[in-house]
Amino acid sequence: MASEYRTKRKNIVDAFVDEIKLKLNGQSPFNSNVSNNVSGHTVFIDQITQFPKVCVVATDETREYQPDGFKWRFLTLEIRIYVSDETDPQEELALLLEDIERVIDNNDVLVYDDTVDPSLKTTSSTILSISTDEGVLAPLGLGEIVIQVRY
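Reference entry: report on the structure contained in this document. (Residues numbered from 1 in each chain as written. Predicted model: local features only at pLDDT ≥ 70, side-chain atom pairs only at ≥ 80, totals over all residues. Heavy atoms only, no water.)

**Quick word on the pairing of strand E3 (residues 71–84)**
With 11 of 14 residues buried, E3 is to be regarded as a mostly interior element. Bridge count for strand E2 (residues 53–65) against E3 is 11 bridges, and the pairing is antiparallel. The partner of tyrosine 65 across the bridge, within E3, is lysine 71. Connecting the antiparallel pair E2 and E3 is a turn made up of five residues, with aspartate 68 showing a positive phi of about 65°. Pairing geometry for E3 and strand E7 (residues 140–150), over 11 bridges, is antiparallel. Looking at the pairing, leucine 75 lines up with valine 149 of E7. (Buried < 20%, exposed > 50% of the residue type's maximum accessible area, 1.4 Å probe, protein only. Helix = DSSP H or I, 4+ residues; strand = E, 2+ residues; numbered from the N terminus. Pairing = 2+ DSSP bridges.)

**Re the environment of threonine 7**
Looking at where threonine 7 falls in the secondary structure, it is placed in the segment before helix H1 (8–23). The sequence separation of threonine 7 and serine 28 amounts to 21 residues, and the corresponding C-alpha distance is 33 Å.

Here it is in structure tokens:
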């Protein structure tokens, strides 16, 4: 029987997945519509049937121990973006990267578990890097945003 308990890591990933799905629906001020095609796990490019595809994956986590038993947790998330465009995949990718960056910036403090009182939330989300395939996969495009989430 599976446990009902969900880890903080999983809850944070799911909170970002939900925000990206909610915000990137083609409505202003965002340019992109991901059509709810966002997942909280790795998907390989040969498994993708609908573009664009966004994958949010938790990777490394570190701790910073403070006095009185308090500790900061720093979770690294990789957000991979896959697009397909016959004319200019790098431009479509750039627009989607900008939109996801805006979602991250607007959710610096993000509630990831509202089942406890008070709700658990992140304290900051810092973008560490943004990279692309630079056109080598055309007509496909691959981008990645790496962020560090402190909670």
